[in-house]
Amino acid sequence: MLAIALDNLSLVIVDTETRRVVRNFLGHSGKINDVTFSPDGRWLISASMDCSIRTWDLLSGCMVDCFLCETAAVSVSLSPNGDFLSSSHVDSLGIYLWSNKSVYSLISLCPLPSDYEPMTVSLPGSSPSHDEDVQEVGDEEEDKMASACWESREQLDRRLVTMTSLPESRWRNLFNLDIVKRRNQPQQPPKRAAAAPFFLPTVSGLQPSFQASEDPENQTKVLALGALAQKTAFGVALETALDDGNYCAPLSLLKTLGPSAVDLELRGLSSDLGPTSQFLLAFLRMVEAMLEERRDFDLAQAYLALFLK
């Protein structure tokens, strides 16, 4: 398509393949300065010396939008995605941006009548003149206003249910961890490393030590969990919270963990590291406290679903 502005203040659209005029737009009362097509080829936007910017619908052949500016626009251009329209005006050194309302809201672009009277719109970014009695804000007050930051409350009201602010990747897949692990399994089993007889056998534990020579008959590959028995930071915080009733510390630790680490911590509650019922009761008390406070409601549901699973 080719748009041509004629001397009779009309716009014609020429099909470059057939070389025929397919549209003829009338309405401008001044010299047409510039035209631009929309990225999808649906609209044609024109600017004229009559201070108007008009939008023409190529499918219907009608004008669907028109407004007047304070000064005539000499150049217009649409962004590649059609979100903004840029324009430059007479006696102005700036480039003005207009937002396309049809991108973020539902607008019915009906054809405008021939006797439509457009309204004058101020240029973007221009502010009305202030009265002389209005006092300007000092530099010190401006610095204070700029440095002040808004702190949003964690919960607006105790009667309202507040959702968690954690990313969904931290808790959305907690209930489907088995499926994720099954999908992430390797295609081929890991290959066994070649034997290295010069390595000395060591004893499993936190402190590395060499294994004493034993009789082949008494050797066993069963690992005793007593040598590795230790409490994690979450387990210690959970045990402390069971005594004082404040579950903020274990909940904060749990929020910093990923889905796999959360699953590992919950599985560790029922291990042989200590009294199982005490840790399970403390975790249930923590979820109960989250539900009573009506905070992190969806996170509490995810933790409880993984625990019951």
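Where an unreviewed UniProt entry is consulted, the chain appears under the name WDR36/Utp21 C-terminal domain-containing protein, with the organism given as Muraenolepis orangiensis.

Participant: Quick one: what's the story with the UniProt feature "repeat: WD" (unreviewed entry) in the chain, residue by residue and with numbers?
Facilitator: According to UniProt, the positions carrying the feature "repeat: WD" (unreviewed entry) are residues 25-58. A distance of 10 Å separates the end C-alpha atoms of residues 25-58, which is 0% helix and 56% strand.

Participant: Describe the side chain of Arg-54, and please don't skip the residues or the numbers.
Facilitator: Within the element layout of this structure, Arg-54 appears in strand β6 (residues 52-57). Buried Arg-54, no salt bridge; nearest opposite-charge side chain is Asp-50, N-O distance 4.0 Å. Apart from the residues within four sequence positions on either side, Arg-54 is in contact with Gly-27, His-28, Leu-44, Ile-45, Ser-46, Met-63, Asp-65 and Cys-66.

Participant: Any chance you could break down the sheet that holds strand β1 (residues 2-5) for me, citing the residues and the numbers?
Facilitator: The three strands are arranged β1-β2-β3 in an open sheet whose pairing can be described as antiparallel. Sheet topology places β1 and β3 (20-25) at the edges, where each strand pairs with a single neighbour. Taken pair by pair, the neighbouring strands of this sheet meet at an average axis angle of 25 degrees, ignoring direction. Pairing of β1 with strand β2 (residues 11-15) involves four bridges; the strand directions are antiparallel. Bridging from a neighbouring strand, Ala-5 pairs with Leu-11 of β2.

Participant: Residue-level account of a nonpolar patch on the surface, with values.
Facilitator: A grouping of Val-161, Met-163, Leu-291 and Phe-297 is seen on the molecular surface, where their side chains present a nonpolar patch of about 330 Å² in accessible area. Here Val-161 is to be found in the loop between α2 (139-147) and α3 (177-183). Taking relative accessible area as the criterion, Val-161 reaches 41% and is therefore assigned partly exposed.

Cut-offs and rules
- Residues numbered from 1 in each chain as written.
- Predicted model: local features only at pLDDT ≥ 70, side-chain atom pairs only at ≥ 80, totals over all residues.
- Heavy atoms only, no water.
- UniProt positions renumbered as here; feature names shortened; annotations may be inferred.
- Helix = DSSP H or I, 4+ residues; strand = E, 2+ residues; numbered from the N terminus.
- Buried < 20%, exposed > 50% of the residue type's maximum accessible area, 1.4 Å probe, protein only.
- Lys, Arg positive; Asp, Glu negative; His and termini not counted.
- Salt bridge = Lys/Arg side-chain N within 4 Å of Asp/Glu carboxyl O.
- Contact = heavy atoms within 4.5 Å.
- Pairing = 2+ DSSP bridges.
- Axes fitted to C-alpha atoms, helices over the stretch in contact; angles between N-to-C directions.
- Patch = residues over 30% accessible without salt bridge, like charges linked within 9 Å, V, L, I, M, F, W, Y side chains within 5 Å.
- Areas by Shrake-Rupley, 256 points an atom, 1.4 Å probe, with all protein chains shown as cover.

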